[in-house]
Amino acid sequence: IIHGDKDDIIPIELGRQVFEAAKPPKSFYVIEGADHNNTYQVGGAVYFRRWAEFVQAALRAYAHAREGSRFEVRCFRNFEPGTSNLGPRLSRSTPRFYMKE
């Protein structure tokens, strides 16, 4: 769960409840100063690093659950704060993952 501490749409307590109910792997990351729609902007590079680490851990857990399978997990990121000419859109700054069996 990624949650802004200034979120006025979904209270942070509801985010904590979702986290508590979730099965592992799970992570709860609060971004100070972020509201509901600007977590990646306020969080910057740390947001994308934490997001990428979680996705990689989840994919590894999935691969481990498939006994006998060998997966390769790779993450490609080109996020550099302030360099996107796309404004707040995520299409160029979002980490991309692939799994190959």
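Residues numbered from 1 in each chain as written. Predicted model: local features only at pLDDT ≥ 70, side-chain atom pairs only at ≥ 80, totals over all residues. Heavy atoms only, no water.

(A) Layout of the pattern of salt bridges. Scanning all chains against the criterion turns up one salt bridge. For the salt bridge of Arg49 with Glu53, the shortest nitrogen-to-oxygen distance reads 3.1 Å. Taken together, the residues span about one helical turn, with Arg49 and Glu53 both in helix 2 (residues 39–65) at a distance of four residues. The class of Arg49 is partly exposed, set by a relative accessible area of 36%. (Salt bridge = Lys/Arg side-chain N within 4 Å of Asp/Glu carboxyl O. Helix = DSSP H or I, 4+ residues; strand = E, 2+ residues; numbered from the N terminus. Buried < 20%, exposed > 50% of the residue type's maximum accessible area, 1.4 Å probe, protein only.)

(B) Focus on the confidence of the model for the protein. Of all residues in the protein, 66% attain a pLDDT of 70 or more, and the chain-wide mean is 77. Confidence drops under a pLDDT of 50 for residues 79–94, and excluding neighbours within four residues, the segment shows 20 contacts in the predicted structure. (pLDDT = per-residue confidence, 0-100. Contact = heavy atoms within 4.5 Å.)

(C) Inspection of the nonpolar core at higher detail. Judged by nonpolar contacts, Tyr29, Ile31, Ala34, Tyr40, Tyr47 and Phe48 together constitute the single largest core of six residues. Ranked by the residues each element gives to this core, the list is headed by helix 2, at three residues. With residues up to four places along the chain from it excluded, the contact list for Ile31 reads Ile2, His3, Gly4, Asp5, Thr39, Val42, Gly43 and Tyr47. (Core = buried A, V, L, I, M, F, W, Y, C linked by side-chain atoms within 4.5 Å.)

(D) Layout of the packing of aromatic side chains. Applying the stated criterion to the full structure yields four aromatic pairs. For the pair Tyr40 and Phe48, a centre-to-centre distance of 6.5 Å together with 70° between the ring planes defines the contact as edge-to-face. Accessibility classification places Tyr40 together with Phe48 in one group, the buried group. Among the aromatic side chains, those forming a connected cluster through ring pairs are Tyr40, Tyr47 and Phe48. Between the NZ or CZ atom of Lys26 and the centre of the ring of Phe19, over which it lies, the distance is 4.6 Å. The residue whose ring lies beneath Arg50 is Tyr29, and the NZ or CZ to ring-centre distance is 4.2 Å. (Phe/Tyr/Trp six-rings, centres within 6.5 Å; stacked < 30°, edge-to-face > 60°. Lys NZ or Arg CZ within 6 Å of the ring centre and 35° of its normal.)

(E) Quick peek at helix 2. Taking 1.5 Å per residue as the helical rise, helix 2 with its 27 residues ought to reach 39 Å, whereas the 31 Å between its terminal C-alpha atoms falls clearly short. At Ala45, helix 2 shows its maximal bend, which comes to roughly 90°. Of all the positions in helix 2, only Thr39, Tyr40, Gly43, Gly44, Tyr47, Phe48, Ala52, Val55, Gln56 and Ala63 are classed as buried. (Expected span 1.5 Å × (residues − 1). Bend = angle between axes of the 7 residues up to and from the residue.)

(F) Broad picture of the environment of Ser27. Tracing the sequence through the fold places Ser27 in the loop between helix 1 (12–21) and strand 2 (29–31). Since its relative accessible area comes to 27%, Ser27 is described here as partly exposed. Sequence-wise, Ser27 and Ile1 are 26 residues apart; in three dimensions their C-alpha atoms are separated by 6.0 Å. Ignoring sequence-local partners within four residues, the contact set of Ser27 consists of Ile1, Phe19, Arg50 and Phe54.

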